[in-house]
Amino acid sequence: MKNIFLLLLILMSINIVLAQKFEDLAQTPPMGWNSWNKFACNVDEDLIKQTADAMVSSGMKDAGYEYIIIDDCWHGERDEKGFISANKERFPSGMKALVDYVHSKGLKFGIYSDAGWQTCGGKPGSRGREFQDAQTYAKWGVDYLKYDWCNTEGLKAEGAYLTMRDALYEAGRPIVLSICEWGQNKPWKWAEDVGHLWRTTGDIYNCWDCEEDHGTWSSFGVLRILDMQEGLRKYAGPGHWNDPDMMEVGNGMKVNHDRAHFTMWAMLAAPLIAGNDLSNMTQETIDILTKKEIIAISQDALGIQAFKYQTKDGVETWIKPLSNGDWAITFLNRSKNEQKLNMKWEEQEIIDPDFGYKMNLASQVYKIQNIWKEANLKDTQKPLKISIPAEDVVTLLLTKN
Ligand code: GLA
């Protein structure tokens, strides 16, 4: 009896050791590309290879993009033992060869599955096969798993994602776990130790400010998704990010909308996952996606999201504390007219409402850099007079003098 008790204790402690997510991953918001927004189910190995090539040749890899993530519909059937493989027509060389190709470019590989019995696209899900699938991904060399939430009737989200977390951990290869349950079960409240990022909303749609009704569900434009992030910033930080969905930059919005979308995702310390056709980008799209000062704001080591400081005449002022006591400020003009702004620094009391950082404008002079204009604007000793174009952003970097 005593021996059985001892055995139980040992087994329990092994389980405690095993039951964790891979720490040290995604210490800054993940950057990469995902196939879904542009290609939906039209994925094959040529697309993935070309995209990896384009990520390198466009300069995106040098700018910090890392993951090539294949979303839904890569799947073939399960074999008689239940192991999954890639669709043979679309991926004739097999998934392992494709992962090797992506790795050979110095990039990392992400894959997609679903906690239910089928994915949203009707392909085999991982329900009941979590440990087997995790072993398969690890064997292929996968680095990132986006794990969706379709066809999960009767499942509890936290438990389902914990199961996959433990399966990945047992498989032994460090894999980023991207939780995609659309914010329905408030993952920000329970997922810090489960995954590395979690979707906060339903799907994004390629528009500035719209709701696209699909019958039983809707997808949302950039501003709608932005508004749904309210109250969530206190839950995010290094290794556990709010995910307002992949980007639509380069998918057809106007350039000012793309610029504002990209900038706000950086301000939110959101994952920067491009969702456009990397092999066919305009120079304007490349310039936005690789804007290094904006990426630096996104990737700042402090890992704190911007807060909304004030709203006036349709202009929202968003402020993000950065490491070394620097700050990023973005004026987001949601109105249809250009707006003028006069910022009298000495009248401002800028305090982060959740983390307590304080901008010390009385005792500290900050140099101001206008990032998109690539201009220096003196410092915080003089009031800032600036105009913000309609439905666009102006982003300032404030550094200590
Ligand atoms: C859901 C997800 C999307 C995408 C599709 C794939 O809608 O939220 O991001 O992965 O499924 O079918």
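Note that this is a predicted model, so its numbers are computed, not measured. (Residues numbered from 1 in each chain as written. Predicted model: local features only at pLDDT ≥ 70, side-chain atom pairs only at ≥ 80, totals over all residues. Heavy atoms only, no water.)

**Q** Now, about the packing of helix α6 (residues 130–140) against helix α7 (residues 157–171): what can you tell me, with residues and values included?
**A** Remark: α6 packs on α7, axes separated minimally by 8 Å, with the N-to-C direction vectors making an angle of 45 degrees. On the basis of the axis angle, α6 is oblique to α7. Handedness of the α6/α7 crossing: right-handed. In contact with Glu130, Phe131, Ala134, Gln135 and Ala138 of α6, α7 contributes Thr163, Met164, Asp166, Ala167, Leu168, Glu170 and Ala171. Residue composition of the contact of α6 with α7, by class: seven nonpolar, two polar and three charged. (Axes fitted to C-alpha atoms, helices over the stretch in contact; angles between N-to-C directions. Helix = DSSP H or I, 4+ residues; strand = E, 2+ residues; numbered from the N terminus. Parallel < 35°, antiparallel > 145°, perpendicular 65-115°, else oblique. Left-handed = near helix turned anticlockwise from the far one by under 90°. Contact = heavy atoms within 4.5 Å. Nonpolar A, V, L, I, M, F, W, Y, C, P; charged D, E, K, R; others polar.)

**Q** Summarise the site of the ligand; cite the residues concerned and give the values.
**A** By nearness alone, 13 residues border the ligand, and Asp71, Asp72, Lys146, Asp148 and Asp203 come closest of all. Within the side chain of aspartate 71, one N or O atom sits 2.7 Å away from an oxygen atom of the ligand. For the ligand, an oxygen atom lies 2.7 Å from a polar atom in the side chain of lysine 146. Against a free-state accessible area of 310 Å², the protein chains account for coverage of 94% of the ligand. (Near = heavy atom within 4 Å. Polar contact = N/O pair within 3.5 Å; in protein donor to acceptor, adjacent residues only side chain to side chain. Areas by Shrake-Rupley, 256 points an atom, 1.4 Å probe, with all protein chains shown as cover.)

**Q** An account of the sheet that holds strand β13 (residues 307–312) is requested, with residue identities and associated values reported.
**A** Within the open sheet, the six strands sit side by side as β13-β14-β15-β20-β17-β18. Their pairing is antiparallel. Each edge of the open sheet carries a strand with a single partner, namely β13 and β18 (375–379). Each adjacent strand pair in this sheet contributes to an overall mean axis angle of 20 degrees, direction not counted. Pairing between strand β17 (residues 366–370) and strand β20 (residues 392–400): five bridges, direction antiparallel. Looking at β20, one finds that isoleucine 368 is bridged to leucine 398. (Pairing = 2+ DSSP bridges.)

**Q** Any details on the packing of helix α3 (residues 45–57) against helix α5 (residues 95–104)? Residues and values, ideally.
**A** Look at α3 against α5: their axes get within 9 Å of each other, and the N-to-C directions meet at 10 degrees. Put simply, α3 runs roughly parallel to α5. Seen from α3, the contacting residues are Glu45, Ile48, Lys49, Ala52 and Asp53; seen from α5, they are Leu98, Tyr101 and Val102. Considered class by class, the residues forming the contact of α3 with α5 number five nonpolar, no polar and three charged.

**Q** Go over the packing of aromatic side chains, please, and point to the residues and values.
**A** If you walk through the whole model with that rule in mind, you get eight aromatic pairs. Centre to centre, the rings of tyrosine 67 and tyrosine 144 are 5.0 Å apart; their planes meet at 50 degrees, and the pair counts as tilted. Of this pair, tyrosine 67 sits in strand β2 (residues 67–69) while tyrosine 144 sits in strand β6 (residues 144–148), and the two are 77 residues apart along the sequence. Here the two residues tyrosine 67 and tyrosine 144 agree in accessibility, since each one is buried. The rings of Tyr147, Trp149, Tyr161 and Trp190 are connected pair by pair, giving a single aromatic cluster. If you follow lysine 49 out to its NZ or CZ, it ends over the ring of tyrosine 101, 5.3 Å from the centre. (Phe/Tyr/Trp six-rings, centres within 6.5 Å; stacked < 30°, edge-to-face > 60°. Buried < 20%, exposed > 50% of the residue type's maximum accessible area, 1.4 Å probe, protein only. Lys NZ or Arg CZ within 6 Å of the ring centre and 35° of its normal.)

**Q** Run through the nonpolar core, naming residues and quoting values.
**A** Grouped together as the largest cluster of nonpolar side chains are 89 residues, with contacts concentrated most on Tyr65, Trp74, Phe109, Ile111 and Phe262. With seven residues, the single largest contributor to this core is α7. Residues in contact with phenylalanine 109, not counting those within four places in the same chain, are Ile48, Ile68, Ile70, Met95, Leu98, Val99, Val102, His103, Val142, Asp143 and Tyr144. Core analysis: the second largest hydrophobic core is formed by 20 residues, Phe331, Met359, Ile388 and Leu396 among them. (Core = buried A, V, L, I, M, F, W, Y, C linked by side-chain atoms within 4.5 Å.)

**Q** Hey, could you go over the state of the cysteines for me, with residue numbers and the actual values?
**A** One pass over the full model with this rule turns up three disulfides. Between the sulfur of cysteine 41 and that of cysteine 73 lies a disulfide, 1.8 Å long from S to S. Taken together, the residues span a long stretch of sequence, with cysteine 41 in the loop between α2 (36–39) and α3 and cysteine 73 in the loop between β2 and β3 (75–78) at a distance of 32 residues. One disulfide in the model links cysteine 207 with cysteine 210; its S-S distance is 1.9 Å. The S-S bond linking cysteine 207 to cysteine 210 shows a torsion near -90 degrees; that makes this disulfide left-handed. Overall, the relative accessible area of 19% leaves cysteine 210 in the buried class. Disulfides within the protein link the bonded cysteines, taken in sequence order, as 1-2, 3-4, 5-6. The cysteine cysteine 180 is free of any disulfide, with cysteine 120 supplying the nearest cysteine sulfur at 6.9 Å. (Disulfide = S-S within 2.5 Å.)

**Q** Can you explain the environment of tryptophan 33? Please cite residues and give values.
**A** Positionally, tryptophan 33 belongs in strand β1 (residues 31–34). Owing to a relative accessible area of 0%, tryptophan 33 belongs among the buried residues under this scheme. Within polar-contact distance, the side chain of tryptophan 33 engages the backbone oxygen of asparagine 276 at 2.7 Å.

**Q** Outline the sheet that holds strand β7 (residues 176–179), listing residues and values.
**A** If you walk across this open sheet you meet the eight strands as β11-β8-β7-β6-β5-β2-β1-β12, and the pairing is parallel. Edge strands, defined here as strands with exactly one partner in the open sheet, are β11 (241–243) and β12 (272–274). Direction aside, the axes of adjacent strands within the sheet are offset by 25 degrees on average. Summarising the sheet, β2 and strand β5 (residues 108–114) pair through three bridges and their orientation is parallel. Bridge pairing in β5 places isoleucine 69 opposite glycine 110. This element, α6, spans β5 and β6 of the sheet and lies at about 165 degrees to β5.

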